[in-house]
Amino acid sequence: MATFQGGKTPQPSPSTAPGLSSGGPAQDPPKPKTRHQPKKVTAPWVRGRAVEADAQPLVMVTAYDYPQARTADAAGVDLVLVGDSLAMVVLGHDDTLSLTVDEMLHHVKAVRRGLKRALLIADMPYGSFHLGERQAVENAIRFVKEGGAEAVKIEGARPEVVAALTAAEIPVMAHLGLTPQSLHQFGGFKVQGRGDDAAESLLQAARAMQEAGAFSLVLECIPSDLAQQVSAELRIPTIGIGAGVGCHGQVLVYHDLLGLEDRLAPRFVRRYAHQGSDARQAIEAFADDVRHRRFPSRDESYADPSRSNRPVVETLEKIYG
Ligand code: KIV
């Protein structure tokens with residue numbers, strides 16, 4: 001198992017934290033209650049998480065291909081988002097703006113094949129819904145029909161788009177705060193919602209998205225107090241990323257969570273593994289074995305039984321070394 005090096009050290013989770021009583025066996029602290037864990041996560045079930053008392057926080061991760069989707073689903077996450085972060089963490093762009101609907105669709109289809117339980121959400125790329133409701137509905141329908149998405153996510157305060165998608169039977173996850181598609185409007189990747197005016201307009205936008213029919217709301221990079229206030233007021237669940245612990249759920253980008261992304265991480269990223277450096281070390285070891293003819297071994301190679309003396313030689317070698 002990977003060790004936690006550098007960065008922030010994860011706190012022990014309740015199930016692994018040592019008991020406080022002296023001498024006796026470790027005591028698990030009470031687990032958050034939930035009335036109902038569905039076999040298959042649906043948008044209406046997610047929507048209900050904000051109003052159910054003592055509901056367990058929702059868990060969402062991004063995924064971009066079949067093995068990542070299988071891994072996330074097997075780990076029991078509730079929601080899998082094919083985020084437009086795809087452009088940065090998988091395709092190597094500096095921001096998300098250039099991602100196309102066809103590129104996103106390719107990855108949504110792969111993730112679809114890897115999921116059984118988690119709800120699949122497709123992130124609508126920049127420019128795929130900005131021309132108005134008709135364009136938004138046309139593109140979202142492609143994600144549902146061709147990609148197998150069960151919901152879409154849109155960035156920014158666009159209640160008219162949420163209403164049009166909802167009328168077209170497509171559940172919408174809203175996304176407010178630091179919306180990376182607004183990079184140039186914001187003048188960089190900056191914390192949003194600071195100061196009374198900004199906080200008030202974010203609160204109003206959140207209300208508008210709920211009233212337009214969004215089934216959930218991602219809050220990215222805003223002060224924790226504001227996220228808590230929005231979460232307390234809304235009837236739909238909030239899912240935070242860099243928005244503190246007061247949201248109804250949390251999301252991390254797959255590559256950040258697993259340490260596949262080794263560039264500078266924002267403060268809200270907690271790395272639970274170091275798969276990027278593990279992979280580099282493994283490939284270095286492979287290269288070294290190849291260069292020193294330690295790979296492949298005889299056991300990793302095939303013999304030809306039709307060459308008569310070979311089995312005899314192999315048997316003798318097994319006996320006498
Ligand atoms: O694109 C993405 O990965 C996202 C999440 C960070 C919410 O929008």
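Since this is a predicted model, take the numbers as computed values, not measurements.

Participant: I'd love a proper account of the overall build of the chain, names of residues and values included.
Facilitator: Across its full length, the chain carries twelve helices and eight strands. Burial analysis of the chain (321 residues in total) assigns 37% to the buried set. When contacts within the chain are restricted to residue pairs at least 6 apart in sequence, those whose partners lie at least 24 apart make up 56%.

Participant: Account for the environment of Lys 116, with residues named and values stated.
Facilitator: Inspection of the secondary structure assignment puts Lys 116 in the loop between α4 (101–114) and β3 (119–123). For Lys 116, a count of 10 C-beta atoms within 10 Å gives the class exposed. Taking the C-alpha atoms as reference, Lys 116 lies 6.8 Å from Asp 73; in sequence the two are 43 residues apart.

Participant: Report on the confidence of the model for the chain, specifying residues and quantitative values.
Facilitator: Note: predicted coordinates in regions of low pLDDT should not be interpreted at a detailed level. Mean pLDDT over the chain stands at 89; residues scoring 70 or higher make up 85%. In this model, residues 1–25 is a region of pLDDT below 50 whose contacts with residues beyond four sequence positions or in other chains number 24 contacts.

Participant: Quick one: what's the story with the pairing of strand β5 (residues 172–177), residue by residue and with numbers?
Facilitator: Where burial is concerned, most of β5 is hidden: six out of the six residues are buried. Neither face of β5 is open: one carries Val 172, Ala 174 and Leu 176, the other Met 173, His 175 and Gly 177, and all of them are buried. Pairing between strand β4 (residues 151–155) and β5: four bridges, direction parallel. Looking at β5, one finds that Glu 155 is bridged to His 175. Of the crossover connections in this fold, the one passing from β4 over helix α6 (residues 159–167) to the parallel β5 is right-handed.

Participant: Summarise the sheet that holds strand β6 (residues 216–220); cite the residues concerned and give the values.
Facilitator: A barrel is described by the order of its strands in space; here eight strands give the closed sequence β1-β2-β3-β4-β5-β6-β7-β8, paired in parallel fashion. Along the sheet, successive strands turn relative to each other by an average axial angle of 25°, direction set aside. Two strands pair when backbone bridges link them, and strand β1 (residues 58–62) and strand β2 (residues 79–82) are joined in this way by three bridges, in the parallel orientation. The partner of Thr 62 across the bridge, within β2, is Leu 81.

Participant: Describe in detail the nonpolar core, supporting the description with residues and values.
Facilitator: Grouped together as the largest cluster of nonpolar side chains are 75 residues, with contacts concentrated most on Leu 79, Val 80, Ile 121, Val 152, Val 172, Ala 214 and Leu 217. A per-element tally of this core places helix α8 (residues 196–212) first, with five residues. Residues in contact with Leu 217, not counting those within four places in the same chain, are Ala 174, Leu 176, Ala 206, Met 209, Leu 234, Ile 236 and Thr 238.

Participant: Before we move on, can you summarise the site of the ligand with the specific residues and values?
Facilitator: Near the ligand you find Thr 62, Leu 81, Gly 83, Asp 84, Ser 85, Asp 123, Val 218, Ile 241, Val 251 and Val 253, and these make up its full shell. Grouping the amino acids of the shell around the ligand by side-chain chemistry returns five nonpolar, three polar and two charged.

Participant: For helix α2 (residues 66–74), give the residues involved together with the corresponding values.
Facilitator: Working note: α-helix, 3.6 residues per turn, so residues spaced by three or four point in the same direction. Among all positions in α2, only Gln 68, Ala 69 and Ala 72 are buried. What you see down the axis of α2 is that its buried residues fit within an arc of 100°, all on one side. Opposite the packed face of α2, turned more than 90 degrees from it, sit the exposed residues Pro 67 and Ala 74. The positive-phi residue at the C-terminal boundary of α2 is Gly 76, with phi of around 85°.

Participant: Lay out the packing of α8 against helix α9 (residues 224–233) with the relevant residues and their values.
Facilitator: How two helices sit against one another is set out by the angle between their axes and by the gap between those axes. As a packed pair, α8 and α9 sit with axes 10 Å apart at the nearest point and diverge in direction by 30°. In terms of orientation, α8 lies roughly parallel with respect to α9. As α8 runs across α9, the sense of the crossing is right-handed. Judged by residue contacts, Ala 199, Leu 202, Leu 203 and Ala 206 of α8 engage Leu 226, Gln 229 and Val 230 from α9. Looking at the contact of α8 with α9 residue by residue, the classes come out as six nonpolar, one polar and no charged.

Participant: Report on unusual backbone geometry, specifying residues and quantitative values.
Facilitator: The amide bond that connects Phe 295 to the next residue, Pro 296, takes the cis arrangement and shows omega of 0°. Of note, Pro 296 is situated in the loop between α11 (275–291) and α12 (309–320). Phi is positive for Cys 221, close to 50°, though the residue is something other than glycine. Position of Cys 221 relative to the elements: it lies in the loop between β6 and α9. At Arg 293, a residue that is not glycine, the phi angle is positive and equals roughly 55°.

The rules we used
- Residues numbered from 1 in each chain as written.
- Predicted model: local features only at pLDDT ≥ 70, side-chain atom pairs only at ≥ 80, totals over all residues.
- Helix = DSSP H or I, 4+ residues; strand = E, 2+ residues; numbered from the N terminus.
- Buried ≥ 20, exposed ≤ 12 C-beta atoms within 10 Å, placed from the backbone.
- Contact = placed C-beta atoms within 7 Å.
- pLDDT = per-residue confidence, 0-100.
- Pairing = 2+ DSSP bridges.
- Right-handed = clockwise from strand over helix to strand, strands pointing away.
- Axes fitted to C-alpha atoms, helices over the stretch in contact; angles between N-to-C directions.
- Core = buried A, V, L, I, M, F, W, Y, C linked by C-beta atoms within 7 Å.
- Near = placed C-beta within 6 Å.
- Nonpolar A, V, L, I, M, F, W, Y, C, P; charged D, E, K, R; others polar.
- Arc of directions from axis to C-beta.
- Parallel < 35°, antiparallel > 145°, perpendicular 65-115°, else oblique.
- Left-handed = near helix turned anticlockwise from the far one by under 90°.

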